[in-house]
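Single-letter residue listing:
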Amino acid sequence: MKHRWLLALALVPLLSGCSAPVTWETVDDPTVTVSAAVEQPYLITFGVPDDVSQPVSGVDGGNLYVQEDGDYEIYSEVLTASDKDAAIRMVSGFEAADLDIVETERFGLPEYRFAWVSASDEGNYVSQASVVEDGSYFYTLIFSVREEAGNQYADCAQAVFASFGVYGNEML
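The present account deals with the structure reproduced in this document. Note that this is a predicted model, so its numbers are computed, not measured.

Applying the stated rule across the entire model yields three salt bridges. For glutamate 103, the salt bridge goes to lysine 84, with nearest N and O atoms at 2.7 Å. A residue pair is termed long-range when its members are at least 10 positions apart, and glutamate 103 in strand E4 (residues 102-106) and lysine 84 in helix H2 (residues 84-92) qualify at 19 residues. Arginine 89 is the salt-bridge partner of glutamate 95, the closest N and O atoms lying 2.9 Å from each other. By relative accessible area, which is 35% here, arginine 89 ends up partly exposed.

Have a look at this one:
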C-alpha cells in the first residue's frame, strides 16, 4: 500500500504537466493551387446528308464534310474560348457586335445562331452557324453553301441543324 502512495506522488508532477498550456508553432507553407479536373468535352453529332463525302482528313481540330459537287460544306469543332464573343469571332471571323445573333437554348444549354458571307478562291460562301456553350466548351456546327447555289440547299441545312446534338461518352 505504501508503494502505491509513493507511485502516485511520483506521477503527480508528470500528470500536472499535461494540463500546462500548449504552445503551437505554425509554419508558412507555400500555397499550392490545385485546379479542378477539366472534364472531357461532349461529342458533337449531326445527320450527314447522303451526297456528302467522307470527312476530309488533315483538318485541324474539327470534322469537315464536303458535298460531292462542292456546293456546300459542313464543319464541326469543339472550341475553348474565354467567352461567347470570342467563340463567335473564332467561328465567323467577325465580331459578335457585327452579326445578328439569335440566342436560344438547345437541350438546356445556351445556343447562338448567326450567318455571314465570306469570300474564297472558289467564290463567295454564305455560312450559318450554331454555337452551343456548356460553360467549359463551345460546340460549333457550320453549314457553308456557295452563294450561286442560292436556296437550293436550304432544306438540307435545316435538317443538319435540326439533328445537331452534343452527347457525353458514357464509355469513358
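Inspection of H2 places Ala86, Ala87, Ile88, Val91 and Ser92 among the buried residues, and these make up the whole buried set. Tucked into the core, H2 has its buried residues touching strand E3 (72-79), strand E5 (109-120), strand E6 (123-133) and strand E7 (138-146). Measuring from the side-chain oxygen of the N-cap residue of H2 to the backbone nitrogen of aspartate 85 gives 3.2 Å; that N-cap residue is aspartate 83. Glycine 93 sits one or two positions beyond H2 and adopts a positive phi of about 85°.

With a phi angle near 45°, phenylalanine 107 is a residue other than glycine that sits in the positive phi range. Here phenylalanine 107 shows up in the loop between E4 and E5. Relative accessible area serves as the criterion here: at 44%, phenylalanine 107 is assigned to the partly exposed category.

In this model, the largest pocket occupies a volume close to 240 Å³. Lining the largest pocket are 14 residues, and of these Glu73, Ser118, Tyr125, Ser127 and Ser144 lie nearest its centre. Counting only elements with at least two residues in the lining of the largest pocket, the list comes to E3, E5, E6 and E7. Broken down by element, the residue count for the lining of the largest pocket peaks at four residues, all from E7. Classifying every residue of the lining of the largest pocket by side-chain character gives six nonpolar, five polar and three charged. The volume enclosed by the second largest pocket comes to roughly 170 Å³. Contributing elements (two or more residues each) for the lining of the second largest pocket: E6, E7 and helix H3 (154-162). Here the lining of the second largest pocket is composed, by residue class, of seven nonpolar, four polar and two charged.

As a further point, take the sheet that holds E5. Ordered by their spatial adjacency, six strands build an open sheet running E2-E3-E7-E6-E5-E4, and the pairing between neighbours is antiparallel. On the outer flanks of this sheet lie strand E2 (62-66) and E4, each paired with one strand and no other. Each strand axis lies, on average, 20° off the axis of its neighbour in the sheet, ignoring direction. Both E6 and E7 contribute to a ladder of nine bridges, which runs antiparallel.

Take the pairing of E6 next. Sheet topology places E5 next to E6; ten bridges connect them, and they run antiparallel. Bridged to arginine 113 within E6 is serine 130. Two successive antiparallel strands, E5 and E6, enclose a turn made up of two residues. The turn linking E6 back onto E7 is made up of four residues, and glycine 135 within it adopts a positive phi angle of 100°.

Judged from the five bridges that link them, E2 and E3 form a sheet pairing that is antiparallel. Its bridge partner lying in E3, glycine 62 is registered against glutamate 77. Taking the residues between adjacent antiparallel strands as the criterion, E2 and E3 are bridged by five residues, where glycine 70 takes a positive phi near 80°.

Let us look at the nonpolar core. Core analysis: the biggest nonpolar cluster contains 19 residues, and Tyr72, Ile74, Leu141, Phe143 and Tyr153 have the highest contact counts within it. Going through the elements one at a time, E3, E7 and H3 are the ones with two or more residues in this core. Once residues within four sequence positions are removed from consideration, tyrosine 153 is found in contact with Asp51, Gln67, Asp71, Tyr72, Phe143 and Val145. Core analysis: the second largest hydrophobic core is formed by 15 residues, Leu64, Ile88, Leu99 and Phe114 among them.

What counts and what doesn't
- Residues numbered from 1 in each chain as written.
- Predicted model: local features only at pLDDT ≥ 70, side-chain atom pairs only at ≥ 80, totals over all residues.
- Heavy atoms only, no water.
- Salt bridge = Lys/Arg side-chain N within 4 Å of Asp/Glu carboxyl O.
- Helix = DSSP H or I, 4+ residues; strand = E, 2+ residues; numbered from the N terminus.
- Buried < 20%, exposed > 50% of the residue type's maximum accessible area, 1.4 Å probe, protein only.
- Contact = heavy atoms within 4.5 Å.
- Polar contact = N/O pair within 3.5 Å; in protein donor to acceptor, adjacent residues only side chain to side chain.
- 1 Å grid on protein atoms, 1.4 Å probe; cavity = no way out; pocket = protein on both sides within 12 Å on 5 of 7 lines; lining within 4 Å.
- Points joined across faces, edges and corners; volume = space filled by probe spheres on them.
- Nonpolar A, V, L, I, M, F, W, Y, C, P; charged D, E, K, R; others polar.
- Pairing = 2+ DSSP bridges.
- Axes fitted to C-alpha atoms, helices over the stretch in contact; angles between N-to-C directions.
- Core = buried A, V, L, I, M, F, W, Y, C linked by side-chain atoms within 4.5 Å.

Read these as spatial facts, not as claims about activity.
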